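Reading the structure
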Amino acid sequence: MNQTTRILAIETSCDETAAAVIENGTTILSNVIASQVDLHAQYGGVFPEVASRRHIEVIHPVVTQAMNEAHLGFDDLDCLAVTQGPGLVGSLLVGMNMAKGIALGRNKPLLGINHIEGHIYSLWLSRPSDEIEFPILTLVVSGGHTELYLMTDHGRYQHLGGTLDDAAGEAFDKVGRVLGLPFPGGPAIDKAAKLGNPEAFQFPRAVLEDGFNFSFSGLKTAVLRETQKFKGQLPVNDLAASFQAAVVDVLVTKTERAAAEYGVTAVHLAGGVSANSALRQAMRERLSVPVWYPPPILCTDNAAMIGAAAYWHYQNGRRDPLDIDVNPSADNFW
Ligand code: KG4
Ligand code: ZN
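Each chain carries its own residue numbering, running from 1 in the written order of its sequence. Both sets of labels track the order of writing: A upward for chains, 1 upward for ligands. In keeping with the model being predicted, local features are shown solely for residues with a pLDDT of at least 70 and side-chain atom pairs are shown and tallied solely at 80 or more, while totals for entire chains, interfaces and linings include all residues. The side-chain quantities take in all heavy atoms of the structure and omit both hydrogens and water.

Our focus in this paragraph is the domain arrangement of the chain. Interface size, as often reported, equals the accessible area lost upon joining of the parts. Delimitation of the domains relies on an automatic or database domain assignment. Assigned domains within the chain: domain 1 (6-121 + 302-315) and domain 2 (134-294). Relative to domain 2, the C-alpha centre of domain 1 lies at a distance of 27 Å. Summed over both partners, the accessible surface that disappears when two parts come together, traced with a 1.4 Å probe, is what is meant by buried area. In this assembly, domain 1 packs against domain 2 so that about 1,200 Å² is buried in total across both faces, 72% of it on carbon and sulfur atoms. When residues of domain 1 are sorted by the area they lose upon contact with domain 2, I116, H119 and I120 head the list and together hold 46% of the total. The term salt bridge refers to a pairing of a side-chain nitrogen on Lys or Arg with a carboxyl oxygen on Asp or Glu at a separation within 4 Å. Linking domain 1 with domain 2 are zero salt bridges. Polar contacts, as used here, are pairs of N or O atoms within 3.5 Å; protein pairs need one atom able to donate a hydrogen and one able to accept it. Residues neighboring in sequence count only if both atoms are side-chain atoms. For the pair domain 1 and domain 2, the interface holds three residue pairs in polar contact (both at pLDDT 80 or more). Contributing elements (two or more residues each) for the side of domain 1 that touches domain 2: α1 (37-41) and α4 (115-121). Comment: elements are numbered from the N terminus, with helices defined as DSSP H or I runs of at least four residues and strands as E runs of at least two. When residues in the side of domain 1 that touches domain 2 are grouped by element, the largest group, five residues, is from α4. Polar here means any residue outside two lists: the nonpolar Ala, Val, Leu, Ile, Met, Phe, Trp, Tyr, Cys and Pro, and the charged Asp, Glu, Lys and Arg; Gly therefore counts as polar. Here the side of domain 1 that touches domain 2 is composed, by residue class, of eight nonpolar, four polar and one charged.

So this is what it looks like as structure tokens:
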């Protein structure tokens, strides 16, 4: 059986309007991302109303471009996939309605995909998929999530732990603002940290002893307090490097512990923060199992990962009703 499955996936959960066509769950035929970063930079964070309005403006051209770059028409598709949640309700609705419209108009099946599961499947687009062997430990580190999942098969996840307060990316963004760096803080801190001393400040590492949960709000407050001690110019690079070192240390320590406890074949990093250069390097150096992460364009939000996740559901025969709704607070998908 050599059947080709092509899925058009749409992702609008936050501030990227994205559409992609994925073949057989692993090949990217097109991957279009219209970022709204410039629009939100003036507010220092994502402004939900502004985000949904921009999604409405660009969703049609983004989907058209994805289809054109894949050299396909809607009738060539096997399935539509769309991010169902978690995310901003107004933003999710734009993608959901677009996907429903195409599915209904062209009589195609529709699958609602969890955004976090999408991040997990970005690895199936990033390493030779026939080499992937379960069990795998995945650390999803993004603006909204810091979660450790043990994955024992397609669609089978055990949630080992997650953040009790701020997500790692949220901490990067908040500290970036305190340091006067441009939004989003993550890439700006990554860049500034390369010029700073990671040992200049000893920031707390909340390595909670019980299990695999994380906490970053104490670290964020410690950086804020340190900045208040300075009257003149802040040593931005040293503060950025020392803050980043603390985040990385905590993430690597917990991941290392979980990888050893569950005897995984590999560690997968996913989500916006997995683009962080210090995190990637420390994971590679400190872990005894292979560490894989996506190219930067597949770390931050994109629709290709939604199509990759949808493929396995499609193969398992799942088909969602056309009246599915968005699920803005969807934290579980198993
Ligand atoms: O996965 P993503 O695009 O959106 C969510 O699902 O949340 O992640 C966005 C987050 C932001 O907090 C951003 O600051 C962070 O990823 N980020 C980074 C880097 N690039 C993006 N954080 C640290 N270092 C980076 N290089
Ligand atoms: Zn995301």
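Text resumes after the structure shown.
Our focus in this paragraph is the pairing of strand β4 (residues 79-85). The buried fraction of β4 is high, at seven of seven residues. Being paired, for any two strands, means DSSP has found at least two bridges between them. Of the pairings in the sheet, the one linking strand β1 (residues 6-11) to β4 comprises four bridges and is parallel in character. If you follow L8 over to β4, its bridge partner there is L80. Bridge count between β4 and strand β5 (residues 110-114): five bridges; the pairing is parallel. Its bridge partner being in β5, V82 is matched across the sheet by G112. Handedness of the crossover is the feature at issue here: the chain leaves β4, passes through helix α3 (residues 89-106), returns alongside β5, and the resulting connection is right-handed. Working definition: with a 1.4 Å probe on protein chains only, accessible area under 20% of the residue-type maximum means buried, over 50% means exposed, and in between means partly exposed. For crossovers, right-handed means that the path from the first strand over the helix to the second runs clockwise, given strands pointing away from the viewer.

A word on the site of ligand 1. Neighbouring ligand 1 are 20 residues; G143, D173, D190, N276 and D301 lie closest to it. Here D173 contributes a side-chain N or O atom positioned 2.7 Å from an oxygen atom of ligand 1. One of the backbone nitrogen or oxygen atoms of D301 is found 3.0 Å away from an oxygen atom of ligand 1. To be clear on the numbers: accessible area is Shrake-Rupley with a 1.4 Å probe, and residue cover counts the displayed protein chains and nothing else. Contact with the protein chains covers 88% of the free accessible surface of ligand 1, which is 560 Å². For ligand 1, the cavity whose grid points lie within 2 Å of the majority of its atoms is the largest pocket. When contributions to the shell around ligand 1 are tallied by element, the ones reaching two or more residues are α4, α5 (168-178) and α6 (185-193). What makes a residue near a molecule or strand is one non-hydrogen atom of that residue sitting within 4 Å of it. Grid points spaced at 1 Å over the protein atoms alone were grouped into cavities, where a 1.4 Å probe fits but cannot get out, and pockets, open sets with protein on both sides within 12 Å along at least five of seven lines, with lining residues defined by an atom within 4 Å of a point. What decides whether a molecule sits in a cavity or pocket is whether more than half of its atoms lie within 2 Å of the grid points.

What follows deals with the packing of aromatic side chains. Here is the rule: rings of Phe, Tyr and Trp (six-membered ring for Trp) pair when centre to centre is within 6.5 Å. Planes less than 30 degrees apart are stacked, more than 60 are edge-to-face, and the remainder are tilted. Here the structure, examined in full by the defined rule, presents 10 aromatic pairs. Seen in terms of ring centroids, Y43 and F47 are 4.7 Å apart; in terms of plane orientation they differ by 65°. Their pairing is edge-to-face. Residue Y43 is classed as partly exposed on the basis of its relative accessible area, which comes to 42%. Here the aromatic residues Y121, W124 and F134 are joined through ring pairs into a cluster of three or more.

In this section: the coordination of the zinc ion (ligand 2). Under perfect tetrahedral coordination by four donors, a metal shows angles of 109.5 degrees; under perfect octahedral coordination by six donors, it shows angles of 90 or 180 degrees. Nitrogen, oxygen and sulfur within 2.8 Å of a metal are treated as its donors, or within 3.2 Å for sodium, potassium and calcium (Na, K, Ca); water is not counted, so a site can appear incomplete. In this structure, H115 (NE2), H119 (NE2) and D301 (OD) serve as the protein donors to the zinc ion (ligand 2), at separations of 2.0 to 2.1 Å. A four-donor site is called tetrahedral if each angle lies between 85 and 135 degrees; a four-donor site is square planar, and a six-donor site octahedral, when trans pairs exceed 155 degrees and the remaining angles lie between 65 and 115; all other cases are labelled irregular. Considering all four donor atoms around the zinc ion (ligand 2), the spread of angles at the metal, 95 to 137°, places the coordination shape in the irregular class. Every donor residue of the zinc ion (ligand 2) comes from the same chain, spaced as H-x3-H-x181-D. With H119 in helix α4 and D301 in the loop between α10 (296-299) and α11 (304-315), this pair connects stretches of sequence that are 182 residues apart.

This part is about the sheet that holds β4. Strand order in the open sheet made by the five strands is β3-β2-β1-β4-β5, with mixed pairing throughout. Looking along the sheet, the strands with just one partner apiece sit at the ends: β3 (27-35) and β5. The sheet shows a mean angle of 20° between the axes of neighbouring strands, direction not considered. Note on contacts: a residue pair qualifies if any of its non-hydrogen atoms lie within 4.5 Å across the two residues. Lines fitted to the C-alpha atoms define the axes, with helices restricted to the stretch that makes contact. Angles between their N-to-C directions range from 0 to 180 degrees. The sheet strands contacting α3 are β1, β4 and β5, and the helix crosses β4 at an angle near 160°. Across the sheet, α11 touches β1, β2 (16-23), β3, β4 and β5, and the angle it forms with β1 is around 130°.

Another point: α6. In terms of burial, α6 is largely enclosed, as seven of its nine residues are buried. Here α6 has its buried residues at G185, G186, A188, I189, D190, A192 and A193. The inward-facing, buried residues of α6 contact α5, α8 (236-262) and α9 (277-286).

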